[in-house]
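Here's the letter readout for the chains.
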Amino acid sequence: ELEKVRDQEVRNGQEGEFVILSDVHLDNPAVIEKLDKMFDGYQDLSPLPIFVFMGNFVSKPRGGSKMITSCFEELANVISKYKAVAREGRFIFVPGPNDPGIASIMPRPPIPDFFTSVLRAKVPHANFVTNPCRI
């Protein structure tokens, strides 16, 4: 998948764009609302930017697994409202120090599939990477 991102970067050259967001607290309704507005603004853009989301993805350290899973499901629902963004957009998710997974090793592993399976199903170009990672 990262090869596809690299190919897109080469094809689009300087026309390519990154949208980088940090501390995207998906458990905060205001954040979800702002993401919805952001995707609405990008839905007609071609080519779409590469969206880089960096954690922490919840505001409370080590939130329960059901809560974290539902946060990623909510994000999947917001993204899938915008068909072109969901189908063609490229998304990279970099875990923060309080996100689920093994926190004591470097590089920090991607967020486990258990929490992100609905998002991965609805957004085919969602990439969950290590922290740090190369883009």
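Above this note sits the structure.
The structure reproduced in this document is the subject of the present report. (Residues numbered from 1 in each chain as written. Predicted model: local features only at pLDDT ≥ 70, side-chain atom pairs only at ≥ 80, totals over all residues. Heavy atoms only, no water.)

Across its full length, the chain holds five helices and four strands. Along the chain, from the amino end to the carboxyl end, the secondary structure elements read α-β-α-β-α-α-β-α-β. Since a compact globule built from 135 residues should have a radius of gyration of about 14 Å, the 14 Å found for the chain is in line with a globular shape. If you line up the chain on its principal axes, its C-alpha atoms span 40 × 30 × 25 Å. Buried positions account for 41% of the 135 residues belonging to the chain. If you take every contact in the chain between residues at least 6 apart in sequence, the share linking residues at least 24 apart comes to 73%. Put simply, the chain shows about 7400 Å² of open surface, and 54% of that area lies on carbon and sulfur atoms. Each charge class in the chain was averaged separately, 16 positive and 17 negative side chains, and the resulting centres sit 5 Å apart. (Helix = DSSP H or I, 4+ residues; strand = E, 2+ residues; numbered from the N terminus. Rg over C-alpha atoms; globule rule 2.2 N^0.38 Å. Buried < 20%, exposed > 50% of the residue type's maximum accessible area, 1.4 Å probe, protein only. Contact = heavy atoms within 4.5 Å. Areas by Shrake-Rupley, 256 points an atom, 1.4 Å probe, with all protein chains shown as cover. Lys, Arg positive; Asp, Glu negative; His and termini not counted. Charge placed at Lys NZ, Arg CZ, Asp CG, Glu CD.)

The next subject is the sheet that holds strand 4 (residues 126-128). One open sheet holds the four strands; their spatial order is 1-2-3-4, and the pairing between them is parallel. Lying at the two open borders of the sheet, with one neighbouring strand each, are strand 1 (18-22) and strand 4. Taking each pair of neighbouring strands and ignoring which way they run, the sheet shows an average axis angle of 15°. Pairing geometry for strand 3 (residues 90-94) and strand 4, over three bridges, is parallel. Looking at the pairing, isoleucine 92 lines up with asparagine 127 of strand 4. (Pairing = 2+ DSSP bridges. Axes fitted to C-alpha atoms, helices over the stretch in contact; angles between N-to-C directions.)

Further remarks concern the packing of aromatic side chains. Under the defined criterion, the tally for this structure stands at 14 aromatic pairs. A centroid spacing of 6.4 Å and a plane angle of 75° characterise the contact between phenylalanine 72 and phenylalanine 93, whose relative ring orientation is edge-to-face. Here the residue phenylalanine 72 occupies a position in helix 3 (residues 65-80), and phenylalanine 93 occupies one in strand 3, the gap between them amounting to 21 residues. Connected via pairs of aromatic rings, a cluster forms that spans Phe39, Tyr42, Phe51, Phe53, Phe57, Phe72, Phe91, Phe93 and Phe128. (Phe/Tyr/Trp six-rings, centres within 6.5 Å; stacked < 30°, edge-to-face > 60°.)

Turning our eyes to something else, we now look at the packing of helix 2 (residues 29-42) against helix 3. Packed helices, taken two at a time, are described by the angle between their axes plus the distance between the axes. Where helix 2 meets helix 3, the closest approach of the two axes is 9 Å, and the angle between their N-to-C directions is 25°. In terms of orientation, helix 2 lies roughly parallel with respect to helix 3. The interaxial crossing formed by helix 2 with helix 3 has right-handed handedness. Where helix 2 abuts helix 3, its residues Ile32, Leu35, Asp36 and Phe39 lie against Glu74, Leu75, Val78 and Ile79. For the contact of helix 2 with helix 3, the per-class residue count stands at six nonpolar, no polar and two charged. (Parallel < 35°, antiparallel > 145°, perpendicular 65-115°, else oblique. Left-handed = near helix turned anticlockwise from the far one by under 90°. Nonpolar A, V, L, I, M, F, W, Y, C, P; charged D, E, K, R; others polar.)

Looking now at the pattern of salt bridges. One pass over the full model with this rule turns up five salt bridges. A salt bridge links arginine 120 to aspartate 113; the shortest N-O distance between them is 2.9 Å. By relative accessible area, aspartate 113 is classed as partly exposed at 48%. (Salt bridge = Lys/Arg side-chain N within 4 Å of Asp/Glu carboxyl O.)

These values are about where atoms sit, not about what they do.
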